[in-house]
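If you want the building blocks of each chain, they are given just below.
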Amino acid sequence: MLLDVSRLDVNYGRTRAVKQVSLSVREGEIVTVLGANGAGKTSLLRGLQGAVRPAGGKILFDGTDLTQAPPSARVRNGMMLVPEGRQIFVSMTVHENLLMGSYMRADADVSRDMEAIYDRFPNLAERRNMKASVLSGGEQQMLAIGRALVGRPRLIMLDEPSLGLSPLFVGKLFELILELNKSGISILLVEQNTTMALEVASRGYVLELGSAVLEDDAAALSNNTALTEAYLGGGHGPAAGGTHAHA
Amino acid sequence: MSGYWAGILSILAINIVFAYGIFLPVATGQLNLGGAGFQALGAYAAAYASASFGLPVYVTIPLAALLAGAIGALIAFPILRTRGVYLVLATFAFAEVVAGSILNSETLGGAMGLSVPAFIDWQIPVAVAVLVSLFVFYLMSTRFGLTMRAAHDDEVVTDLMGVNIRKTQVTAFGLGAALAGLAGGLYAHTFSFVEIQGFNAVVSIYVLLYVLLGGTQTAWGPIVGATFFTMLPEVLRETLPTVKQTLATLVGITEPVAPPDESWRLVILGVLTVLMMAFRPEGLITRTMMERLQFRRSPSRAAAEVSA
């Protein structure tokens, strides 16, 4: 087991945003976490990456207990979070953004890995000396993912990566997720685009009001229309206005 | 060199060092409106050490930087827990506490001030300003400089990358306080006299303006901002009477008119500040601008930097 989370509690201010959530990611697996707005998905990821110290439970990464460790220890062990909303460093260049991703690395191969990122994302290579704020939404998401990749993660956690992207780019994004996974990186994917997420994932969890209410194979979750509709309000993500039915 | 120009050069050098003291926290995303407080700490440390113990300037000036830096790093821990406008208020309040304490201290001369026996000519402030500028340029090119700018853009994500964000902020704040103290030490020995009224809130506001209007993205900003604001009153001193005389001639008054009131310089300064904030909120000197200049000069060197 690469990531083994048991009975995790995460507080958001005074409210408990994540309650007793247990989940796991095996080496080489894509696992998705689904749920409507406010289900606690982002809080779960923040707890996993250590931006918020969990209030209870246990996080084991490759056997190491990282529950109370700072983000630096998690990055060093190979966990990387791509935060929601394409949070890149806007006043810094594309290249400098990537450099920040390598912050915890002490080895000399960083520049070779950077070139590999540029090979993968030619758009970023062209704009490497431009301010990141001039990139399009899709390019900013590629930069956020590239920045995580420079850290040589074993597990990438993606928080709503398809949010606000054009349909064309969403397709490219999910292809990229599959490619990364083939290259050996395990993926924890938090998404509102349920259909796409279940297509690439092997297993999925459904969060509701901070608790994990369902866990199954991705295929089974896809077919379980009654349940997914009840918890996710339809299977088409936020664009379809699915969350309204739930609220 | 005439005494007038030597004086201007000294003030300019001191202001540049002072501006870098505020630039470091601001470039890390922390507005510091307590500049005068740190400068006062440095100035009084140097003045006291020189007047009471007869220490030479090569001891008192580093001492000024060390003391202000140490106090800056100490208060950085509680003060950097505040954010945004609250941080501005906290740093401002700190400067008021320093001023109040010195005003009520008989040892430090209270409202009378302190005489400083050892005098330095313009060469020392200028040499220090050059060294400090080189140091900040170097610092901004290091990994630490990159981290500072990342913290400025987004603290949360910088933290996610594994950066110890608090250490970065406290270091930048403490180093900045040390530079402001250094500027204070130079000030004390240049003017041979310190009084606490010389380190009031307006001083804190001005030095922050040097930085904000000069630009916070590159180390060029504080040099340009401090130079602009130090030289502007001097330039206006020469040109304003001429302007008034010309205007008077235009409306038909031929006899010489009295030179305009000093306060007009402040009005012009204020108007320029508002215009700058409106049209160039990122400051006069931006990274994009510096990069364009560099590319024009030597594209090969810029390319070499990229691959490095």
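The model shown is predicted, which means the values in this text are computed figures rather than measured ones.

Moving on: the domain arrangement of chain B. All names here are of chain B. Its domain assignment divides chain B into domain 1 (3-215) and domain 2 (230-307). If you average the C-alpha positions of domain 1 and of domain 2, the two centres end up 25 Å apart. Looking at the side of domain 1 that touches domain 2, the elements with two or more residues in it are α1 (3-27) and α9 (201-214).

So, about the UniProt feature "transmembrane region" (unreviewed entry) in chain B. Residues and elements named next belong to chain B. Taking the numbering used here, the UniProt-annotated feature "transmembrane region" (unreviewed entry) corresponds to residues 6-24, 57-77, 84-102, 122-140, 170-190 and 196-213. Taken end to end, residues 57-77 is 100% helix and 0% strand, and its first and last C-alpha atoms sit 31 Å apart. Its end C-alpha atoms 28 Å apart, residues 84-102 is made of 100% helix and 0% strand.

Reports of interface size often rely on the accessible area that becomes lost once the parts have come together. At the interface, 23 residues of chain A touch 17 residues of chain B. Only α2 (71-77) and α3 (94-101) of chain A provide two or more residues apiece to the side of chain A that touches chain B. When residues in the side of chain A that touches chain B are grouped by element, the largest group, five residues, is from α3(A). In terms of residue class, the side of chain A that touches chain B is made up of 12 nonpolar, seven polar and four charged.

Looking now at the packing of α1(B) against helix α2 (residues 35-53) of chain B. All names here are of chain B. Direction vectors running N to C along α1 and α2 enclose 125°, while the axes themselves pass 11 Å from each other. Relative to α2, the element α1 lies oblique. Judged by the sense of rotation from one axis to the other, the crossing of α1 with α2 is right-handed. Where α1 abuts α2, its residues Phe18, Gly21 and Ile22 lie against Gly35, Phe38 and Gln39. Of the residues in the contact of α1 with α2, the class split is three nonpolar, three polar and no charged.

Another aspect to go through is unusual backbone geometry. All names here are of chain A. The backbone of Gln20 sits at a positive phi, close to 55°, despite the residue not being glycine. Among the structural elements, Gln20 can be located in strand β2 (residues 15-25). What makes Gln20 partly exposed here is the crowd of 14 C-beta atoms within 10 Å. If you check the backbone angles, Asp62 has positive phi at about 50° while not being a glycine. Along the chain, Asp62 falls in the loop between β4 (56-61) and β5 (64-65). Since 15 C-beta atoms lie within 10 Å of it, Asp62 is described here as partly exposed.

Calculation criteria
Residues numbered from 1 in each chain as written. Chains lettered and ligands numbered in written order. Predicted model: local features only at pLDDT ≥ 70, side-chain atom pairs only at ≥ 80, totals over all residues. Domains from an automatic or database assignment. Helix = DSSP H or I, 4+ residues; strand = E, 2+ residues; numbered from the N terminus. UniProt positions renumbered as here; feature names shortened; annotations may be inferred. Contact = placed C-beta atoms within 7 Å. Nonpolar A, V, L, I, M, F, W, Y, C, P; charged D, E, K, R; others polar. Axes fitted to C-alpha atoms, helices over the stretch in contact; angles between N-to-C directions. Parallel < 35°, antiparallel > 145°, perpendicular 65-115°, else oblique. Left-handed = near helix turned anticlockwise from the far one by under 90°. Buried ≥ 20, exposed ≤ 12 C-beta atoms within 10 Å, placed from the backbone.

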